[in-house]
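# Tertiary structure, described
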Amino acid sequence: MDLHGLLPMRDVPDVLAGEAAEADLRGDYEALRAVLELAQRRPLDGDLEALLPALVEAVARVVPAGRVVLLLASPTGELVPRCTWPERGEPVVLLRRELEWVHEAEKAVWTTSPTAAEGGSDALCAPLVGTHGAYGVVWASARDGFTGEDLRRFAWGARRVAAMIAECQRRRASLDCIEERVRLAFQFPPDLIESILHGRPGLAPGGAWREVTALVVDLRDRLTMARHGTARPGSESPLSSLNRYHEAMIDAVVRWRGVVDLCAGDSLLALFGAPIELADAPLDSIRCALDMRRALAELAGRADGEAFRHMDVAIGVATGPALVGAIGTAATRRYTAIGAPVTGAARLSRYARASEILVDEETRRRVAELAVERRVLGEHERSLAFSVRALEARE
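Worth saying up front: this structure is predicted, and the values here are computed from it rather than measured.

### Notes on the pattern of salt bridges
Per the stated rule, a full pass over the model turns up 17 salt bridges. The residue Arg171 makes a salt bridge to Glu167 at a minimum N-O spacing of 3.0 Å. Residue Arg171 and its partner Glu167 are located together in helix α4 (residues 148–185), separated by four residues, close to a single helical turn. By relative accessible area, which is 25% here, Arg171 ends up partly exposed. Between Arg366 and Glu362 there is a salt bridge whose closest N-O contact spans 4.0 Å. Remark: Glu362 and Arg366 occur in helix α10 (residues 361–366); sequence separation between them is four residues, near one turn of the helix. For Arg366, a relative accessible area of 29% translates into the label partly exposed. On the basis of relative accessible area, Glu362 is assigned to the partly exposed category, the value being 25%. Within the structure, one salt-bridge network assembled from shared partners comprises Glu211, Glu362, Arg365 and Arg366.

### Focus: helix α8 (residues 281–301)
With 21 residues, α8 extends 30 Å between its outermost C-alpha atoms, agreeing within 8% with the 30 Å of an ideal straight helix rising 1.5 Å per residue. Burial of α8 is extensive: 15 of the 21 residues sit out of reach of the surface.

### Regarding the pairing of strand β12 (residues 370–377)
In this sheet, strand β13 (residues 383–391) lies alongside β12 in antiparallel orientation, the contact comprising eight bridges. Residue pairing in the sheet places Leu377 in a bridge with Ser383 of β13. Following β12, the chain reverses through five residues before pairing antiparallel with β13; Gly378 in that reversal takes a positive phi of roughly 85°.

### Regarding the pairing of strand β5 (residues 133–142)
For β5, the tally of buried residues reaches eight of ten residues, placing the bulk of the element in the interior. Of the pairings in the sheet, the one linking strand β4 (residues 122–130) to β5 comprises nine bridges and is antiparallel in character. Within the sheet, the bridge partner assigned to Ala123 lies in β5 and is Ser141. Hairpin connection from β4 to β5: two residues lie between these consecutive antiparallel strands.

### Observations regarding the environment of Arg170
Along the chain, Arg170 turns up in helix α4. Exposure remark for Arg170: the relative accessible area of 52% places this residue in the exposed category. Each C-alpha atom of the pair Arg170 and Gly46 lies 7.4 Å from the other, and the pair is 124 residues apart in sequence.

### Some details on the confidence of the model for the chain
Residues with a pLDDT of 70 or more make up 73% of the chain, whose mean pLDDT is 80. The element-level mean pLDDT for the chain is lowest in helix α6 (residues 222–229), coming to 53, with strand β11 (residues 357–359) highest at 96.

### With respect to helix α7 (residues 238–255)
Between its terminal C-alpha atoms α7 stretches 26 Å, which fits the 26 Å expected from 18 residues at 1.5 Å a residue. Within α7, the full set of buried residues consists of Ser241, Leu242, Arg244, Tyr245, His246, Ala248, Met249, Ala252 and Val253.

### With respect to unusual backbone geometry
Going from Trp85 to Pro86, the amide bond is cis rather than trans, its omega being -15°. The residue Pro86 is located in the loop between β2 (79–85) and α3 (96–105) in this model. Cis geometry marks the peptide bond from Ala274 to Pro275; its omega dihedral reads 0°. With respect to the element layout, Pro275 can be found in the loop between β8 (267–272) and α8.

Basis of the calculations
Residues numbered from 1 in each chain as written. Predicted model: local features only at pLDDT ≥ 70, side-chain atom pairs only at ≥ 80, totals over all residues. Heavy atoms only, no water. Salt bridge = Lys/Arg side-chain N within 4 Å of Asp/Glu carboxyl O. Helix = DSSP H or I, 4+ residues; strand = E, 2+ residues; numbered from the N terminus. Buried < 20%, exposed > 50% of the residue type's maximum accessible area, 1.4 Å probe, protein only. Expected span 1.5 Å × (residues − 1). Pairing = 2+ DSSP bridges. pLDDT = per-residue confidence, 0-100.

In structure tokens, the structure reads:
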């Protein structure tokens, strides 16, 4: 005995009933076995494509069908053949008007198919109805014809198939949501993830122009880190040191409601003002930069901070309009900004000396509490920047 106590059909004893009644009982029994077997084969990862062959095979066992075709509705509503049983065979001619009527009316029908290869055999067509409407239809034909009981079982089997499709979609949506949460957790503060998943501010196709403040932080003297990280057996590896460094920098970004755009090597790009609207993004970015500098000093002061004692951060901050939004594929999509603030902050970080924070004119103008020193950058294309000395308390 197997499968929830249901014997294989060959082992089922004869039923003491009329011939027609026994045939109906055996048909219902085999249909139930087919659906239970299908339930055991449902993919845990919600992969509908992997489930489709099992769906049409189960339908072929619910009724004595020679051919089975499963069609699903596309995003535009068009019914598209997705799987056929058996895979190889004579071409099948389907009446689109009949299929569309079944899909829209959500009713099963029993008709005569004009398929030449089937010699005018009977056909059954039933909707795959879920809680949110019909997913599509399933069609079957048989050379020897169908009966009213076959139509009843076919419609019942179609409902079970629709339930499997719905469960598959729920599993896939749940896994997609988990994957999206994990991906967002690398870039956004925890309290912003829910609003992004529901409203997705600024993540619409095409993005939006927003005023942002970009911050680029870079480590100075990277070769020293590699040398100190490999000087003695048992000492911390350069990669482990970089991970600790990035963790400290990202903590500072999250603390001041920024968003990490990119981590590459020992550089980090953070955005302030999008997608989280801030009352004073330039000021928050300066506070973040000062916290980053303090965080590196704290790492160096720890007993296990030898790798950081020869390190310094160089930080550039720039403010202005930028195009913000999602970029990348579904699997790699991230929130980013394109425009002058990003290139400006990167340029400032390259010019910044060890432990220096350089800001552009717009950031300096927006943060009146800054005590700065003017610097002229470049030899050929000169530009003005401001080196942050202190941030005075706001009254």
